[in-house]
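Results of the structural survey
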Amino acid sequence: MIIGLTGSIASGKSTVSGMLAERGYPIVDADLVAREVVEPGRPALEQIRRAFGEQVIMEDGTMDRRFVGELIFNDPAQRKKLNDIIHPAIRTEMLRQRDGHLAAGKKTVVMDIPLLFESRLQHLVDKILVVSVKEETQLHRLMARNSFTEQEARARIASQLPISEKEKGADAVIYNNGTLEETARQLDQILESWHTMA
Ligand SMILES: CC(C)(COP(=O)(O)OP(=O)(O)OC[C@H]1O[C@@H](n2cnc3c(N)ncnc32)[C@H](O)[C@@H]1O)[C@@H](O)C(=O)NCCC(=O)NCCS
Ligand SMILES: Nc1ncnc2c1ncn2[C@@H]1O[C@H](COP(=O)(O)OP(=O)(O)OP(=O)(O)O)[C@@H](O)[C@H]1O
């Protein structure tokens, strides 16, 4: 079984994927893959340099993530330009990792894909697990985790589909507004109802 784990920015996907990893599930993490495919020397970084200019590359040759974030979360056209370059590379590498886990005999693989709905990737997974959070809590957690201003955090939240829309497309929803124990309890109930094992 392939589980697609998604939600909104700072809703708690990494927190839940950490719990799944503790329970032995292999995780394919789109945010991690997105970092790998823009490492110095990779073709996607060269394309980004050509599309956005030298100012997106830092002195050590890595991508300036803060700068690129400012650019794309405030301008849908720039966001599309980056997505068109980087998403095909992310997808290829994620499928490679998924196939590696399946070939190694894993019964269930978790794919943590923040933009599962936005990029219409539902067909890649068997079950969709959405991690949801109240917007007020999401805003505070995002500002605290990334030291963002309220305006920076709101721009990022607005760049994704509303969480209520994602809930409608879910096979199961975890409401991550309470304690981590409450979140873990919901997760275990869902895994049990899906009869899935690591
Ligand atoms: C813009 C970048 C450089 C900002 O880097 P930064 O280190 O600040 O954030 P990080 O990569 O940890 O992403 C944090 C969250 O932002 C959201 N996010 C990232 N990219 C996008 C996007 N293109 N559209 C909407 N939301 C996005 C996701 O919820 C993600 O979990 C980076 O997010 C990036 O390269 N984005 C493009 C790749 C992508 O779409 N990644 C999302 C997973 S496929
Ligand atoms: N139940 C909880 N109680 C308190 N803090 C939490 C809880 N769940 C998550 N957090 C915190 O909220 C922040 C966002 O959570 P997390 O990083 O798991 O979200 P995410 O959905 O993976 O974010 P992103 O989309 O940016 O990758 C983190 O700092 C995390 O430690």
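Shown above is the structure to which this text applies.
The following refers to the structure shown. Quick caveat, the model's predicted, so the values are computed rather than measured. (Residues numbered from 1 in each chain as written. Chains lettered and ligands numbered in written order. Predicted model: local features only at pLDDT ≥ 70, side-chain atom pairs only at ≥ 80, totals over all residues. Heavy atoms only, no water.)

What about the site of ligand 1?
Taken together, 20 residues form the shell around ligand 1, and within it Asp31, Arg65, Asn83, His87 and Gln160 come nearest. A distance of 2.8 Å is found between an oxygen atom of ligand 1 and a side-chain nitrogen or oxygen belonging to glutamine 160. Taking 760 Å² as the accessible area of ligand 1 by itself, protein coverage stands at 90%. Of the pockets mapped on this structure, ligand 1 occupies the largest pocket. (Near = heavy atom within 4 Å. Polar contact = N/O pair within 3.5 Å; in protein donor to acceptor, adjacent residues only side chain to side chain. Areas by Shrake-Rupley, 256 points an atom, 1.4 Å probe, with all protein chains shown as cover. 1 Å grid on protein atoms, 1.4 Å probe; cavity = no way out; pocket = protein on both sides within 12 Å on 5 of 7 lines; lining within 4 Å. Sits in = over half its atoms within 2 Å of the grid points.)

Quick word on unusual backbone geometry
Comment: phi is negative for the bulk of residues other than glycine, and the bulk of peptide bonds are trans. Phi at alanine 10 is positive, roughly 60°, even though this residue is not glycine. Relative to the helices and strands, alanine 10 resides in the loop between strand 1 (2-7) and helix 1 (13-22). In this structure, serine 147 is a non-glycine residue whose phi angle is positive, near 50°. Relative to the assigned elements, serine 147 resides in the loop between helix 6 (135-146) and helix 7 (150-158). (Helix = DSSP H or I, 4+ residues; strand = E, 2+ residues; numbered from the N terminus.)

Quick word on the pattern of salt bridges
Side chains that carry opposite charge are capable of pairing whenever their charged atoms lie near each other. Scanning the entire structure with this criterion turns up 13 salt bridges. The salt bridge partner of glutamate 54 is arginine 49, with a shortest N-O separation of 3.0 Å. For glutamate 54, a relative accessible area of 53% gives the class exposed. Take arginine 49: its relative accessible area is 26%, and that puts it in the partly exposed class. Between arginine 154 and glutamate 135 there is a salt bridge whose closest N-O contact spans 3.8 Å. Taken together, the residues span a long stretch of sequence, with arginine 154 in helix 7 and glutamate 135 in helix 6 at a distance of 19 residues. (Salt bridge = Lys/Arg side-chain N within 4 Å of Asp/Glu carboxyl O. Buried < 20%, exposed > 50% of the residue type's maximum accessible area, 1.4 Å probe, protein only.)

Remarks on the site of ligand 2
Residues in contact with ligand 2 amount to 15 residues; listed here are only the nearest, Lys13, Ser14, Thr15, Arg145 and Asn176. Measuring from an oxygen atom of ligand 2, one finds a backbone N or O atom of alanine 10 at 3.0 Å. At a separation of 2.7 Å, an oxygen atom of ligand 2 approaches a polar side-chain atom of lysine 13. Taken by itself ligand 2 offers 640 Å² of open surface, and the protein chains cover 75% of this. Residue assignment for the shell around ligand 2 shows that the elements contributing at least two residues are helix 1 and helix 6. Here the shell around ligand 2 takes three residues from helix 1, the largest share from any one element. Of the residues contributing to the shell around ligand 2, the split by class is three nonpolar, eight polar and four charged. (Nonpolar A, V, L, I, M, F, W, Y, C, P; charged D, E, K, R; others polar.)

So, the packing of helix 1 against helix 9 (residues 180-193)
When two helices pack together, their arrangement is given by the angle between the helix axes and the distance between those axes. Running from N to C, helix 1 and helix 9 cross one another at 60°; their axes reach a closest spacing of 11 Å. The orientation of helix 1 with respect to helix 9, classified from their angle, is oblique. Relative to helix 9, the crossing made by helix 1 is right-handed. Of helix 9, the residues touching helix 1 (which contributes Thr15, Val16, Met19 and Leu20) are Leu180, Thr183, Ala184, Leu187 and Leu191. Residues belonging to the contact of helix 1 with helix 9 are distributed by class as follows: seven nonpolar, two polar and no charged. (Axes fitted to C-alpha atoms, helices over the stretch in contact; angles between N-to-C directions. Parallel < 35°, antiparallel > 145°, perpendicular 65-115°, else oblique. Left-handed = near helix turned anticlockwise from the far one by under 90°. Contact = heavy atoms within 4.5 Å.)

Section: the layout of surface pockets
Considered as a void within the structure, the largest pocket measures approximately 1,600 Å³ in volume. What lines the largest pocket is a set of 50 residues, and nearest its centre among them are Asp31, Phe73, Pro114, Leu115 and Gln160. Listed by contribution, the elements that provide at least two residues to the lining of the largest pocket are helix 1, helix 2 (30-36), helix 4 (65-73), helix 5 (76-103) and helix 6. Looking at which element gives the most residues to the lining of the largest pocket, the answer is helix 5, with twelve residues. Considering only residue class, the lining of the largest pocket consists of 22 nonpolar, 14 polar and 14 charged. Per-domain counts for the lining of the largest pocket show at least three residues from each of domain 1 (1-26 + 108-198) and domain 2 (39-105). (Points joined across faces, edges and corners; volume = space filled by probe spheres on them. Domains from an automatic or database assignment.)

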